[in-house]
Amino acid sequence: MVAGTLAAGALALSLTGCGESVDPMERLGRKATQEPSPAPSASATAPAPDSGGAQGGGQGGASDEAYKKWGLTAPVQYAPKPAQKPQIPKAAPGKVPVIDRIPLPAGDKTVFLTFDDGAEKDPEFLKMAADLKLPISMFLTDSVASSDYGHFEKLRDNGSASTVNNHTLTHPNLRTLSFEAQKKEICGQQDTLEKRFGQRPPLFRPPFGNYNDDTLRAASECGVSSVLLWRVSMQINNFQYAQGSALQPGDIILAHFRGPSELKGATEIEMTTRMLQRIQEQGYRIGRLEDYL
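All of the points below concern the structure found in this document.

1. As for the overall build of the protein
Logical step 1: On a plain count of helices and strands, the protein comes out with 8 helices and 12 strands.
Logical step 2: Out of the 293 residues in the protein, the part that is buried amounts to 56%.
Logical step 3: Counted over contacts in the protein with a minimum sequence separation of 6, partners at least 24 positions apart contribute 76%.

Written out as structure tokens, the structure is:
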């Protein structure tokens, strides 16, 4: 943790991307060039409609026909709010815990959606997220998201209980900064988001997954409860994995608010549809991250 690397995630800084990713998307360091193994068909592995949770994470439910509108062959399955939150290891005094996978009971095939930065503000994506009631944990960077925070407010308020969290003011590599400079990046965005959205974000994601002890101390002093990382990254068409070649229960999935100019012509909607298809093909359902923390 002192070195700022993940024990299992092995995330690395990249300004050029890898695989299908493009500048300036974060990438997974170990096995970053590995192409995911072909997944079985959705009809063979996707949970039956009554096998897991209410639609929309229990937030009111998506329309029975919404999935067809957005290119899916079956409804997205959602995990209900757990009766008891999992045990998260505590951090050292004056620091915050670092979480890259949610510990779940055996057999609980639930994963979590997170979207970073805020560069793309596609109104069609707002419709998609609202129709499907996708519970998205947003990690916003002020330098790109602030041109239209109203876009992300609509995403937060679409009935899916999506949330707004902190991804710094300017998206620097925090490990290159002093403690005070890191604190300015983190606290500054905490203050900005609290003023704009009415709540101080509990979660923080360091850009590129890079952090050190100063990051954890600064985050604690800024009122953050947890540093959130990831083990699975959605590229344009497929996942990249930090461990193995398939999703694992509790995986936190990293995606980005990105448009055609950065997705080699693909839209945010096309990327998200493919991500949901991959989740369905592997027989997983989607949980609301904040219900587990």
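Having put the structure on the table, let's press on.
2. Looking at the state of the cysteines
Logical step 1: Counted according to the given criterion, the structure contains 1 disulfide.
Logical step 2: Paired by a disulfide, cysteine 187 and cysteine 222 hold their sulfur atoms 1.8 Å apart. Across the S-S bond of cysteine 187 and cysteine 222 the torsion is about -100°, and the bridge reads as left-handed. Pair noted here: cysteine 187 is in helix H6 (residues 179-197) and cysteine 222 is in the loop between helix H7 (213-221) and strand E8 (226-228), with a separation of 35 residues, a long-range link.

3. Points about the side chain of serine 137
Logical step 1: For serine 137, the position within the fold is in strand E5 (residues 136-140).
Logical step 2: For serine 137, a relative accessible area of 1% gives the class buried.
Logical step 3: A polar atom in the side chain of serine 137 sits 2.9 Å from the side chain of glutamate 290.

4. Structural notes on the pattern of salt bridges
Logical step 1: Scanning all chains against the criterion turns up 19 salt bridges.
Logical step 2: Residue glutamate 221 is joined to lysine 183 by a salt bridge in which the shortest nitrogen-to-oxygen separation is 2.8 Å. Taken together, the residues glutamate 221 in helix H7 and lysine 183 in helix H6 connect sequence positions 38 residues apart.
Logical step 3: The class for glutamate 221 is partly exposed, based on a relative accessible area of 46%.
Logical step 4: Its relative accessible area of 24% is what places lysine 183 among the partly exposed residues.
Logical step 5: The shortest N-O distance in the salt bridge between arginine 200 and aspartate 191 comes to 2.9 Å.

5. So, the nonpolar core
Logical step 1: Residues Leu132, Leu276 and Ile279 are the most contacted members of the largest nonpolar core, which totals 43 residues.
Logical step 2: Beyond its immediate sequence surroundings of up to four residues, leucine 276 is in contact with Leu72, Val76, Leu113, Met128, Leu132, Leu134 and Ile286.

6. What to know about unusual backbone geometry
Logical step 1: If you check the backbone angles, aspartate 117 has positive phi at about 80° while not being a glycine.
Logical step 2: Relative to the helices and strands, aspartate 117 resides in strand E4 (residues 110-117).
Logical step 3: The buried category is assigned to aspartate 117, whose relative accessible area is 4%.
Logical step 4: A positive phi angle, close to 55°, is found at lysine 264, a residue other than glycine.
Logical step 5: Among the secondary structure elements, lysine 264 is positioned in the loop between strand E11 (252-256) and helix H8 (268-281).
Logical step 6: Judged by its relative accessible area of 60%, lysine 264 is exposed.

7. As for the pairing of E5
Consecutive residues of a regular strand have side chains that alternate between opposite faces of the sheet.
Logical step 1: Among the 5 residues of E5, 5 are classified as buried, and the element is accordingly described as predominantly covered.
Logical step 2: Here E5 shows two buried faces, one formed by Ile136, Met138 and Leu140 and the other by Ser137 and Phe139.
Logical step 3: As paired elements, E4 and E5 share 5 bridges and run parallel to each other. Bridge pairing links leucine 113 to isoleucine 136 in E5.
Logical step 4: Remark: the E4/helix H3 (residues 123-132)/E5 crossover connection has right-handed handedness.
Logical step 5: Here E5 runs beside strand E6 (residues 163-166); their pairing, made up of 4 bridges, is parallel. Following the sheet pairing, leucine 140 is matched in E6 by asparagine 166.

Procedures and definitions
Residues numbered from 1 in each chain as written. Predicted model: local features only at pLDDT ≥ 70, side-chain atom pairs only at ≥ 80, totals over all residues. Heavy atoms only, no water. Helix = DSSP H or I, 4+ residues; strand = E, 2+ residues; numbered from the N terminus. Buried < 20%, exposed > 50% of the residue type's maximum accessible area, 1.4 Å probe, protein only. Contact = heavy atoms within 4.5 Å. Disulfide = S-S within 2.5 Å. Polar contact = N/O pair within 3.5 Å; in protein donor to acceptor, adjacent residues only side chain to side chain. Salt bridge = Lys/Arg side-chain N within 4 Å of Asp/Glu carboxyl O. Core = buried A, V, L, I, M, F, W, Y, C linked by side-chain atoms within 4.5 Å. Pairing = 2+ DSSP bridges. Right-handed = clockwise from strand over helix to strand, strands pointing away.

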